[in-house]
Amino acid sequence: MKHLRSFFLRLVGAFSRSEHDINSEIEANLQLHVDDKVRAGMTVEEARRDAILRLGGIDPAKEAWRERRTIPLLDNLAQDTRFALRQLCKNPGFTATAMLMLATGICASVAIFAFVDAALLKPLPYESPARLVAVSEHSPQCERCNLSYQDYLDWKRLNTVFTSLEIYNHNGATIPTASGPRMVPIGRVSAGFFSTLGVKPILGGDFSARGDAAGAPRTALLSYGAWQTTYGGRADIVGQNVILDDTPTTIIGVLPRDFQFAPAEPSEYWVPLQPTGNCEKRRSCHNLYGVARLKNGTSVEAALSNTQLIARQLEIQYPDSNRDRWAKVLPLSEVISGDIQPLLLMLLCGAGLLLLIACVNVSSLVLVRTEGRKREMAVRSALGASPSRLWRQFATEGLLLVVAGGGAGLAVCYWAIQLLLKLIPERMLASMPYFLRITLNARVLAFATVISLLAATLFALTPRSRLSKAALRGDLAEGSRTVAGTSWRRLGSKLVIVELATAMVLLVGAGLLGKSLYRVLHVELAFHPDHLATLNVNASGKRYDTDAKMVKWARRTLSSIASLPGVKSAGTSSMMVVSYNGNSQWIRFVGKPYNGEHNDVNFRDVSPGYFETLQAKLVRGRFFTDADDLTKPKVVIINRALADHYFPGEDPLGRQIGNTTLAPDSLKEIVGIVDNIREGALDNEIRPAMYLPFNQDPDSGFDLVVRTSQSPQAILPSLSKAIHDVDPDVATVRPITMEDRIHDSPAAYMHRSAAWLVGGFAALALLLGVIGLYGVIAYSVSQRTREVGVRMALGAQRGTVYRMVLQEAGILSAIGIVAGVLCSLASATLIQKLLFETPPRDVTTLAVVAGVLGMASLLASYLPARQAASVNPVEALRAE
Amino acid sequence: MGKKTEVWQGTLALMVLKTLETMGPLHGYGIARRIEQTSGDRLMLNYGTLYPALLRLEQEGSIVSRWGLSENNRKAKYYRLTRSGRREIRRAAQDWEEATAILACFLATPSPPQET
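Here we summarise the structure given alongside this text. (Residues numbered from 1 in each chain as written. Chains lettered and ligands numbered in written order. Predicted model: local features only at pLDDT ≥ 70, side-chain atom pairs only at ≥ 80, totals over all residues. Heavy atoms only, no water.)

### Some points on the state of the cysteines
Covalently bonding the sulfur atom of one cysteine to the sulfur atom of another cysteine gives a disulfide. Residues and elements named next belong to chain A. Summed over all chains, the structure comprises two disulfides over all chains. Each disulfide pairs two cysteine sulfurs, and for cysteine 142 the partner residue is cysteine 145, the sulfurs being separated by 2.0 Å. Residues cysteine 142 and cysteine 145 are joined through a disulfide that is right-handed, its torsion about the S-S bond being 125°. For cysteine 142, a relative accessible area of 23% puts it in the partly exposed group. Two residues, cysteine 279 and cysteine 285, share a disulfide whose sulfurs are 1.8 Å apart. Taking the sign of the S-S torsion, -100° for the link of cysteine 279 and cysteine 285, the bridge is left-handed. Exposure class is identical for cysteine 279 and cysteine 285. Each is buried. For chain A, numbering the cysteines in disulfides from first to last along the sequence yields the connectivity 1-2, 3-4. A disulfide-free cysteine, cysteine 359 has its sulfur positioned 14 Å from the sulfur of cysteine 107, the nearest such atom. (Disulfide = S-S within 2.5 Å. Buried < 20%, exposed > 50% of the residue type's maximum accessible area, 1.4 Å probe, protein only.)

Given below as structure tokens:
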């Protein structure tokens, strides 16, 4: 207790400078002492001398008192800090440059780290999230495939590793509003989904255990966001009815505000998944994902081997549907942010490299300053300061720089995060809910502290070699002659090499990502995306319950669209182009050997006029006509990939495709081959695809594409109107031009954001690296003015001087660039996952980047070289 | 014997406290003189060491100080023992007695016969 008290008082003592009290006290006691001695017969002078002698001197006494008053180390620190502040204020140019560089580096790193933290580090907002796993099927065609409902029931029944296994999927439903029906995103889950996650509604209750049984009363949970925006946060919402897909549904609760489940977001309503559809009855229809809670102490591997065992049993039991359908179990966290992980880690590396360059640049500035202050240090050392005491002075200055730069960086970082969030399209952000409440939390601040400390350590270590006893003695002896210290030249040039190599790595990364982005945006679509308007259309399945009704409605809708001014043609598909490879079917060919393998092909229903609207190329045969309806034999158009893969060297026209059992009503005749239209995302591969005429396989919803003669943007508002003229109760979603749709697609966004962010980092790195090189060469030239003067006086030509300086810079740049190339080659695999049709060791990129960096370096060293060459020998010699 | 002993490390604080206990409030010079007198002038105090010792005791809360007037009307800083200071005396005295007792045991052991 008393130690604590005295420590605290000493701590306070470090900040008060008043010594008035001790001066008075010592003086008073001296007087008392003198009085005593005078009484004993001494003269006043003798008495005073004696008193001071007994005191051991006034100043040593005060010094001893001072040491007790404060904590000496802290006192020194306070002194150093005051001196460092004065030093930094005296050199505003140095201070501002260093702070700006540090702030940039720290801001970039911390902002990116905040995203990494939100997506990858922060535990999922569920109860013991480490025990949650994502369960799916796995086949040679897909890494993580959907689960079929029938398989799910068996896995749930037979597994011994999960306390619960639940399912979910994500789609939309129509909801009536005053201005016509609206499509709302819906999460469909099994009844135990929320209790498995450990999430409880904040209002009302969870689904009943039998809520997902076929025929159970329809219930729904509201997302917090929908409760607030659609229902104004009404407290009496529980028990209200809402019409979802023409079905009265009771709202039984509201989910917590911070609830999120990225794989099924955004969802406004969560409803129990009742096995009432056609798909749930067929084991070969896969439309679900699973999420499970592991039993205590069960590992993910054990869970996988257990489900794998069940999957193998099912494969034997149902060879027709389950051949090659295995199990996949992954930690849930990996599935939720797995897609974005490589991008985030790469960006973090990029930001880290930028920070490295910034720190190295500041270090070399610190080094130059140490060089400039070597006389000051030599004198302080001669007056008795120990090397460690001198070094502490520099360390304090480094720490102050980092605190100021880091503080500024952190402040800007908050805005940088908001800016980065704004750059993510709203639709993308909605499916990445973990980014919604991104903050500068304790982990992010800890990260900022750690990198700041590392930077401070670097700055503290940089001048260390300058401050040895021997070096200081040399400095004092050196007198006024200034010669670029060899230690500086050695370390300073090493720093420049590090900078240039780092800049090279970042530039190569940016170059590769830029090239990859170009390839993504210029990928062969096999249709013309310009002058296309698109819209998703959904009618109620209850009103259009027969094929004939659906065909009639679609015909009327298309002709209503076609009659709009400016529309050249229109068509529909069951799945928009450039979305994803999926909605596939297993097919089999009449007259070809079949061994039960799954020939998985993309499957689309398209209207007559669809291919013409896209302006897709017909390879052979014919496109569909309006006459291809249910009264005619079934026909199918295949893409070139399907023809090449299954009919190599044969003519597919006239051949028949059926389902895996070749059921008579599944047989369709191939009437045409169309070019490889890009159905999947921009960076997905082309898969075999088959197209059926809408009129032979109609549906109550479709994706509309409209070819316009003028700007497609202008026609968007009238599309919905034309559709509602036919039926006002049809929901229309997302009117957008095809080019915008492609531009905003997740694949384009991912590649674009990677290329732009890394490009930004690389540009900054190039700037900092070149400034660093310029600084080193300029400093070296300024230190060699005398040498240059002598050389010129002895007859050296300007050209020789140019060559001398450029040679020094050239060697440094060359080493830096070569080191950068080697580092890029070594780190190529790290970026591989993010590249599309671009080899990670792309020779042209390397060559171009090396050229750019070389030119920039040449420019940076040309200026100091010119300065050196313009030295007047007489002045240079006289100046020293 | 003109040789005077220096104050042992760590004993000065106890001497100061004990002096204040016996004498009541006293200024620095008075404390120093009193310590020397109590030791029968066998102790030679460096008055300069007194200031950090007093400061430390004050920081630890064993004593408090106040400016006042000396008997011959000089301004002086007076130190007074606090209640926690009294407790500190008892504790420190006990420690000290214990230490001397232990040391006494060692000194009491007879020395071995010396070989020549």
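Let us keep going from here.
### Some words on the packing of helix α6 (residues 92-121) of chain A against helix α15 (residues 387-423) of chain A
Residue and element names in this part refer to chain A. Running from N to C, α6 and α15 point in directions that differ by 45°, and their axes come no closer than 6 Å. With respect to α15, the element α6 is oriented oblique. When the axes of α6 and α15 are compared, the crossing they make is right-handed. The residue inventory of the contact of α6 with α15, partitioned by class, reads 23 nonpolar, four polar and no charged. (Axes fitted to C-alpha atoms, helices over the stretch in contact; angles between N-to-C directions. Helix = DSSP H or I, 4+ residues; strand = E, 2+ residues; numbered from the N terminus. Parallel < 35°, antiparallel > 145°, perpendicular 65-115°, else oblique. Left-handed = near helix turned anticlockwise from the far one by under 90°. Nonpolar A, V, L, I, M, F, W, Y, C, P; charged D, E, K, R; others polar.)

### Re the interface of chain A and chain B
Taken residue by residue, the interface counts 27 residues in chain A and 29 residues in chain B. For the pair chain A and chain B, the summed buried surface comes to about 2400 Å²; carbon and sulfur atoms form 52% of the total. Scanning the region where chain A abuts chain B turns up four salt bridges. With a shortest N-O distance of 2.7 Å, arginine 74 of chain B and aspartate 35 of chain A are connected by a salt bridge. Linking chain A with chain B are 14 residue pairs in polar contact (both at pLDDT 80 or more), by the criterion used here. For the side of chain A that touches chain B, the elements supplying multiple residues, two or more each, are α1 (2-13), α2 (20-39), α3 (44-55) and α4 (58-69) of chain A. The dominant element in the side of chain A that touches chain B, judged by the number of residues it contributes, is α2 of chain A, at 13 residues. Across the side of chain A that touches chain B, the residue classes tally to nine nonpolar, seven polar and 11 charged. (Contact = heavy atoms within 4.5 Å. Buried area = accessible area lost by both parts, 1.4 Å probe. Salt bridge = Lys/Arg side-chain N within 4 Å of Asp/Glu carboxyl O. Polar contact = N/O pair within 3.5 Å; in protein donor to acceptor, adjacent residues only side chain to side chain.)

### Quick notes on the packing of aromatic side chains
All names here are of chain A. Evaluated as defined, the whole model comprises 29 aromatic pairs over all chains. Consider the rings of phenylalanine 193 and phenylalanine 261, whose centres lie 4.9 Å apart with planes at 85°: the pair is edge-to-face. Of this pair, phenylalanine 193 sits in helix α8 (residues 193-197) while phenylalanine 261 sits in the loop between β8 (247-254) and β9 (269-272), and the two are 68 residues apart along the sequence. On the basis of relative accessibility, which here comes to 0%, the residue phenylalanine 193 falls in the buried class. With a relative accessible area of 0%, phenylalanine 261 lands in the buried category. Note on phenylalanine 194 and phenylalanine 207: the rings are 6.0 Å apart at their centroids and 50° apart in plane angle, and the pair reads as tilted. Note that phenylalanine 194 is positioned in helix α8 and phenylalanine 207 in the loop between β5 (203-204) and β6 (219-222), a separation of 13 residues in sequence. Of the two residues, phenylalanine 194 and phenylalanine 207, both sit in the buried class. Clustering of aromatic rings is evident, with ring pairs tying together Tyr126, Tyr168, Phe193, Phe194, Phe207, Phe259, Phe261, Trp270 and Tyr289. (Phe/Tyr/Trp six-rings, centres within 6.5 Å; stacked < 30°, edge-to-face > 60°.)

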